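Each chain, letter by letter, is given below.
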Amino acid sequence: MTTAQAEPAATTEARAERPLLHVQDLKTHFPIRSGLLQRVTGHVKAVDGVSFDLARGETLGLVGESGCGKTTVGRSILRLIPATSGVVEFEGKNVFAAHGAQLKALRRDMQIIFQDPAGSLNPRMRIAQIVGEPLQVHGMATRDELRPKVEELLVRCGMPKQAADRYPHEFSGGQRQRIGIARALALEPKFIVCDEPTSALDVSIQAQIINLLDDLQSEFGLSYLFISHDMAVIKHVCKNIAVMYKGKIVEHGPRDQITEDPQHKYTQSLLSAVPETDPRAQKHRIVFEGGAM
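This section reports on the structure supplied with the text. (Residues numbered from 1 in each chain as written. Predicted model: local features only at pLDDT ≥ 70, side-chain atom pairs only at ≥ 80, totals over all residues. Heavy atoms only, no water.)

1. As for the overall build of the protein chain
Broken down by element type, the protein chain carries ten helices and ten strands. The burial tally for the protein chain puts 44% of its 293 residues in the buried class. Partitioning the contacts of the protein chain with sequence separation of at least 6, the portion at a separation of at least 24 is 65%. Here the protein chain has roughly 15,600 Å² of accessible surface; of this, 49% comes from carbon and sulfur atoms. (Helix = DSSP H or I, 4+ residues; strand = E, 2+ residues; numbered from the N terminus. Buried < 20%, exposed > 50% of the residue type's maximum accessible area, 1.4 Å probe, protein only. Contact = heavy atoms within 4.5 Å. Areas by Shrake-Rupley, 256 points an atom, 1.4 Å probe, with all protein chains shown as cover.)

In structure tokens, the structure reads:
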């Protein structure tokens, strides 16, 4: 085989091995301003050097307490919040360097499901407008095709077609989250940031939403960055887990390794806080005092 013949095979193999999403040394700092002139006197290091890879069709769980920077990581990756420094590559493309048509194409492939379904849906728009708007912006549906596509998305996410004519306030929390998922799916993305998608819902509804996300992943080959403070949910949903504390990832690895043999004291504390299903079981609660990481 000649060199010219070998190159395409090597290129194909390299693309297969390359992660869908590569995050390297991501930092997002917010300035602290004080005084009459509002001068910058310091910075809040919400994300301070986060690195990880996400393969196609996989789910990475990002877990940690409230305020540790989980949501900021997800929004920085999508450029909803400007990052201070670092590299984010999606299918080998530099997300932070993209502009114009390239950035619009990336936004189509990278979507988000927000934590608060009520706050993420415009109360003055009907569901047909909310779910159909991305399709119109990206030119993925004509006027005649729009309504059938919206109804198809709603039905796939467990909602009736008639929901398209109603407003967000007419639905329960779980139903609104299904609508948010339908909107995220509208552009046929490859990657979705799931920002605590079940934390505002009842336990029974949480299970339904998790099962829906699992079914959609199997059907469409989606990759998820699943953000949560609930280690029990993360253990159920994710094959790989990254534990975040004070803007940094302190432990990262396969689910079984993290849950059965945690190395960091903070991870041990999170796992010890997971409720036991057996009321007779005795469980030792590990309290993490903070300090050096």
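2. Topic: the nonpolar core
Membership of the largest hydrophobic core comes to 52 residues, with the highest contact counts inside it found for Leu154 and Ile181. Filtering out sequence-adjacent residues up to four positions away, isoleucine 181 remains in contact with Ile113, Cys157, Ile209, Leu212, Leu213 and Leu216. Within the second largest apolar cluster, 28 residues are counted, among which are Cys68, Ala98, Leu106 and Met110. (Core = buried A, V, L, I, M, F, W, Y, C linked by side-chain atoms within 4.5 Å.)

3. A look at the packing of aromatic side chains
The way to describe two aromatic rings as a pair is by their centre distance and the angle between their planes. Enumeration over the complete set of coordinates arrives at two aromatic pairs. Ring centres 6.4 Å apart and planes at 45° place the aromatic pair phenylalanine 90 and phenylalanine 191 in the tilted group. On the criterion of sequence distance, the pair formed by phenylalanine 90 in strand E4 (residues 85-90) and phenylalanine 191 in strand E7 (residues 191-195) is long-range, its members being 101 residues apart. For the residue pair phenylalanine 90 and phenylalanine 191, the accessibility class agrees, reading buried in each case. Ring centres of tyrosine 245 and tyrosine 266 lie 4.6 Å apart, and the angle between their planes is 40°; this geometry places the pair in the tilted category. (Phe/Tyr/Trp six-rings, centres within 6.5 Å; stacked < 30°, edge-to-face > 60°.)

4. What to know about the pattern of salt bridges
One pass over the full model with this rule turns up ten salt bridges. Note that arginine 75 and aspartate 195 form a salt bridge whose closest N and O atoms lie 3.9 Å from each other. With arginine 75 in helix H2 (residues 70-77) and aspartate 195 in strand E7, the pair connects residues that are 120 residues apart, well separated along the chain. The network of salt bridges with shared partners includes Arg56, Glu91 and Lys190. (Salt bridge = Lys/Arg side-chain N within 4 Å of Asp/Glu carboxyl O.)

5. Focus: the sheet that holds strand E6 (residues 110-113)
Strand order in the open sheet made by the six strands is E6-E7-E8-E3-E9-E10, with mixed pairing throughout. Both outer strands of the open sheet, E6 and strand E10 (248-254), are each paired with one neighbouring strand and no more. When strand polarity is set aside, the average angle formed by the axes of neighbouring strands in this sheet is 15°. Sheet topology places E7 next to strand E8 (residues 223-228); five bridges connect them, and they run parallel. Bridged to cysteine 194 within E8 is phenylalanine 226. Across the sheet, helix H10 (residues 265-272) touches strand E3 (59-63), strand E9 (240-245) and E10, and the angle it forms with E9 is around 110°. (Pairing = 2+ DSSP bridges. Axes fitted to C-alpha atoms, helices over the stretch in contact; angles between N-to-C directions.)

6. As for the side chain of histidine 29
Along the chain, the position of histidine 29 falls in strand E1 (residues 21-34). In contact with histidine 29, other than residues within four places in its own chain, are His43, Val44, Lys45, Val47, Asp48 and Thr84.

7. As for H2
Residues that lie three or four places apart on an α-helix share one face, since the helix turns once every 3.6 residues. Of all eight residues in H2, six are buried, a share of seventy percent or more. Those residues of H2 that fall on the buried side of the exposure criterion are Lys70, Thr72, Val73, Gly74, Ser76 and Ile77. Directly after H2, the chain includes arginine 79, whose backbone phi takes a positive value near 65°.

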